[in-house]
Amino acid sequence: MNSEHLKTAAISTLVAATLVTGVVVLVPARDELGPRPAPGSPGARALAATATGIPAALDDLTALIAERERWLQAHPRDGDSWALLGSAYVQRGMRLADWTAFPKAESALHRSLEALPAEEGNTEALVGLAALANARQDFVTARALAERAVKQRPKRWTAYPALIEACNGLGDYKAVIKAMDTLTSLHTGSQALGLAARVYRNRGWREDAAATAYDAVGSASNRAEKAVALQQLGDLAWERGEPEEAVEAYDRALKLAPDHHPALASRARALAALGRTDEAFRDYQAALEELPLPQYALEAGELYESLGLNGDAQSQYELMRTSATKAGEHGVNQELVLALYEADHGDPEAAVRRLEGEWNRKHRSIQVADALGWALFKAGRAKEALPYAKRATDEGLRSPQFSYHRGEIERELGLWGPARRHLAEALRINPHFSPLLAPLATDALAALGELPDGGPKKVTGEERDAEPVQGDGVTGGPVRPKQEPSERARSGSATPSADGAGTGYGAGAGTGSSGTDASGAGSSATGSSGSYSGGTGRGTSQGSGAGQQAPPSRQSPGQSAGTAPRQNANARPPVSGGPGNARPGGN
């Protein structure tokens with residue numbers, strides 16, 4: 001397990017909502033929300049921010065909660081104020097990992113529905129309850145509530161982020177794309193852009209994700225919102241294997257909003273990759289003091305363990321279990337992070353049981369699929385593990401963790417070519433992806449050794465492993481290359497053309513390299529900002545460096561690295577006017 005997986009794999013919708021999509025959207029249904037806070041006061045700033053879906057500063061949010069609480073003591077039938085208060089509790093609980101805020105949020109939102117039933121137009125209470133269910137990792141409930149809100153008011157954009165979050169947790173990525181398209185047609189603010197960048201990233205469209213994340217920074221209208229957007233920009237840089245660029249983005253986020261504690265934990269993993277471990281530990285401890293999330297403790301523990309500081313590592317692991325237990329007491333599902341810990345540091349069979357429970361609850365995201373495959377492998381059940389590992393890698397997200405896990409499973413099963421390819425891919429995507437697992441990936445790849453000399457005498461891709469076309473009925477009839485199931489083109493991967501050549505594009509710096517898999521040779525095509533290795537015959541191609549391969553619908557024959565268009569067939573980056581198209585400049 002590694003920090004990349006914990007940060008961006010939606011282990012907690014709490015983290016996803018804060019780091020990627022901003023915060024819970026609080027948009028009052030009507031203007032009657034009791035007396036307005038005094039102009040210029042913290043409560044007034046928070047209300048102005050939440051009324052437009054913009055992240056509010058924590059101090060302002062706290063002031064708004066206090067004002068609504070006072071008002072509702074004297075006016076308990078104000079349904080709108082109950083909805084606003086409940087949603088503010090959800091936001092505060094997520095921002096501070098304050099699990100005690102969630103029962104308060106649930107009570108306030110139900111009080112809102114008592115005063116104004118959902119059937120009479122209380123969309124805000126439905127959205128607040130959906131956000132609460134997402135924060136608790138109850139994605140089935142979250143989706144049902146968000147769909148009710150969308151059906152009730154299909155033109156109100158504020159319901160769509162909760163729906164997208166729920167569908168992500170359930171692994172329904174077609175529904176994610178559909179909801180995202182609707183959201184971007186209704187709203188092009190920073191929050192919508194941040195969500196779009198996350199969706200593009202999950203599909204493997206790194207160039208679109210980076211461009212849209214830049215737009216989110218440029219579209220931000222206050223310091224808190226801009227810090228959230230910069231956090232995401234740093235995360236994308238980290239995932240490309242560019243820790244220096246990531247640290248720069250996190251530094252800017254923290255300069256704008258020192259209370260944006262998630263940026264501390266994100267900066268810690270990037271600093272660790274740069275060998276600045278003392279600074280990394282400092283940031284982890286500062287983050288944990290303010291935001292005691294189980295995944296942060298787990299990351300810190302693994303960094304300690306990678307340095308041989310086992311006593312300190314165990315202390316962090318114990319903190320992780322304590323934090324997860326407290327979260328569970330308030331209805332927050334921490335099964336995924338606990339299972340990841342058990343798979344690598346505890347009882348793999350216990351991890352399998354936890355994750356099978358999640359799968360049976362219809363929590364079938366690529367993160368759960370990857371974790372379940374890895375737990376099965378660690379439990380000695382590699383054959384059962386492979387379908388889950390394939391599901392995780394085939395969806396499009398270019399995750400070094402996913403590639404490493406699949407490579408190790410394939411190595412155990414004697415699938416040497418695919419294993420070599422996926423282990424190498426993990427290190428190409430981000431050679432620093434985990435202080436514990438990246439060195440293991442390097443060792444595993446070395447253990448496989450170099451490919452044997454020799455190979456096909458012809459390399460058109462049609463003379464090796466040929467099989468009759470189905471239904472031709474004659475031996476020696478038309479033939480086609482045979483593809484192994486594990487080597488067929490994946491969504492988000494470059495696809496070999498008829499002669500075995502491939503095309504691709506890169507989103508980050510990198511260089512191509514010639515190479516072969518277990519059964520064929522490959523040639524390299526390198527562009528200015530990325531690289532692509534095109535396989536021939538049965539060889540499946542992979543990008544190199546920090547480059548990216550274009551989805552089949554986004555490439556054309558002969559396209560070289562770094563030249564792919566930003567447009568794609570399935571989802572379009574939202575068109576934002578004015579400052580939304582600006583690249584981030586000063587603070």
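As the structure is a computational prediction, the values presented were derived from the model and not from experiment. (Residues numbered from 1 in each chain as written. Predicted model: local features only at pLDDT ≥ 70, side-chain atom pairs only at ≥ 80, totals over all residues. Heavy atoms only, no water.)

A.B. asks: Please explain the overall build of the protein as it appears in this structure.
C.D. replies: Along its length, the protein carries 25 helices and six strands. For the protein, the residues scored as buried account for 60% of the 587 residues in total. Taking the intrachain contacts of the protein between residues at least 6 apart in sequence as the baseline, contacts between residues at least 24 apart amount to 65%. Accessible surface, the protein: about 21900 Å² in total, of which carbon and sulfur atoms supply 52%. (Helix = DSSP H or I, 4+ residues; strand = E, 2+ residues; numbered from the N terminus. Buried < 20%, exposed > 50% of the residue type's maximum accessible area, 1.4 Å probe, protein only. Contact = heavy atoms within 4.5 Å. Areas by Shrake-Rupley, 256 points an atom, 1.4 Å probe, with all protein chains shown as cover.)

A.B. asks: Hey, could you run me through the environment of Gln367 in this one?
C.D. replies: Along the polypeptide, Gln367 turns up in helix H21 (residues 366-378). What makes Gln367 buried here is its relative accessible area of 4%. Taking the C-alpha atoms as reference, Gln367 lies 8.6 Å from Leu336; in sequence the two are 31 residues apart.

A.B. asks: Looking at this structure, how should I read the packing of aromatic side chains?
C.D. replies: Taken as a whole and assessed by the stated rule, the structure comprises eight aromatic pairs. Relative to Tyr304, the ring of Phe281 has its centre 4.0 Å away and its plane inclined at 15 degrees; by these criteria the two rings are stacked. Of this pair, Phe281 sits in helix H16 (residues 277-290) while Tyr304 sits in helix H17 (residues 294-306), and the two are 23 residues apart along the sequence. The buried category is assigned to Tyr304, whose relative accessible area is 12%. Pairing Trp374 with Tyr404 gives two aromatic rings, centres 5.6 Å apart and planes at 50 degrees, and the pair type is tilted. Here the residue Trp374 occupies a position in helix H21, and Tyr404 occupies one in helix H23 (residues 400-412), the gap between them amounting to 30 residues. Among the aromatic residues, those joined into a cluster by ring pairs are Trp374, Phe377, Tyr404 and Phe433. (Phe/Tyr/Trp six-rings, centres within 6.5 Å; stacked < 30°, edge-to-face > 60°.)

A.B. asks: Is there a simple way to think about the pattern of salt bridges in this case?
C.D. replies: Pairing is possible between side chains of opposite charge, provided their charged atoms come close. Within the structure shown, the criterion is met by 23 salt bridges. Measuring nitrogen to oxygen at the nearest pair gives 3.0 Å for the salt bridge that ties Glu245 to Arg240. Using a relative accessible area of 10% as the deciding quantity, one classes Arg240 as buried. Of the charged contacts in the structure, one is a salt bridge between Glu318 and Arg321, with a shortest N-O distance of 2.7 Å. Highlighted residues: Glu318 and Arg321, both in helix H18 (residues 310-329), separated by three residues, approximately one helical turn. (Salt bridge = Lys/Arg side-chain N within 4 Å of Asp/Glu carboxyl O.)

A.B. asks: Which parts of the structure should I look at to understand helix H24 (residues 416-429)?
C.D. replies: The first and last C-alpha atoms of H24 sit 20 Å apart over 14 residues, in line with the 20 Å expected at 1.5 Å per residue. Taken together, the buried positions of H24 are Gly417, Pro418, Ala419, Arg420, Arg421, His422, Leu423, Ala424, Glu425, Ala426, Leu427 and Ile429. (Expected span 1.5 Å × (residues − 1).)

A.B. asks: Honestly, unusual backbone geometry in this entry has me stumped. Any pointers?
C.D. replies: What is expected of a backbone is that most residues other than glycine have negative phi and most peptide bonds are trans. Unlike most non-glycine residues, Gln137 shows phi in positive territory, near 65 degrees. The buried category is assigned to Gln137, whose relative accessible area is 4%. At Lys362, a position not held by glycine, the phi torsion is positive, near 75 degrees. For Lys362, the position within the fold is in the loop between helix H20 (348-360) and H21. You can call Lys362 exposed: its relative accessible area is 54%.

A.B. asks: I would appreciate a short explanation of the side chain of Asn168 in the present structure.
C.D. replies: One can find Asn168 in helix H9 (residues 160-170). Contact partners of Asn168, with chain neighbours within four places excluded, come to Tyr173, Val176, Arg198, Asn202 and Ser365.

A.B. asks: How do you make sense of the confidence of the model for the protein when you look at a structure like this?
C.D. replies: Of the residues in the protein, 67% reach a pLDDT of 70 or more, and the chain-wide mean stands at 77. The model gives residues 6-33 a pLDDT under 50, and that stretch makes 117 contacts with residues more than four places away or in other chains. Taken as a whole, residues 459-587 scores under 50 in pLDDT and shows 302 contacts with residues more than four places along the chain or in a different chain. (pLDDT = per-residue confidence, 0-100.)

A.B. asks: Can you help me understand helix H25 (residues 437-448) in this one?
C.D. replies: Given 3.6 residues per helical turn, the α-helix brings residues three or four places apart onto the same face. Compared with the 16 Å implied by 1.5 Å per residue over 12 residues, the 17 Å span of H25 between its first and last C-alpha is a close match. Every buried residue of H25 is listed here: Leu437, Ala438, Ala441, Ala444 and Leu448. Looking down the long axis of H25, one finds its buried residues gathered within 120 degrees of arc, a one-sided arrangement. Exposed residues lying more than 90 degrees from the buried face of H25 are Asp443, Ala446 and Ala447. Backbone geometry just after H25 places Gly449 at a positive phi near 75 degrees. (Arc of directions from axis to C-beta.)

A.B. asks: Explain the environment of Pro76 here, please?
C.D. replies: Within the element layout of this structure, Pro76 appears in the loop between helix H4 (58-74) and helix H5 (79-96). For Pro76, a relative accessible area of 36% translates into the label partly exposed. Separated by 35 residues in the primary sequence, Pro76 and Arg111 have C-alpha atoms spaced 8.5 Å apart. Contacts of Pro76, omitting those with residues within four sequence positions, involve Trp82 and Arg111.

A.B. asks: Mind showing me how you'd approach the packing of H9 against helix H10 (residues 173-186) here?
C.D. replies: Between two packed helices, both the angle of their axes relative to each other and the distance between the axes serve to describe the pair. Where H9 contacts H10, the two axes come as close as 9 Å, and the packing angle between them is 165 degrees. The pairing of H9 with H10 is recorded here as roughly antiparallel in orientation. For the pair H9 and H10, the crossing hand works out as left-handed. Of the residues in H10, those in contact with Tyr160, Pro161, Leu163, Ile164, Cys167 and Asn168 of H9 are Tyr173, Ala175, Val176, Ala179, Met180, Thr182, Leu183 and Leu186. (Axes fitted to C-alpha atoms, helices over the stretch in contact; angles between N-to-C directions. Parallel < 35°, antiparallel > 145°, perpendicular 65-115°, else oblique. Left-handed = near helix turned anticlockwise from the far one by under 90°.)

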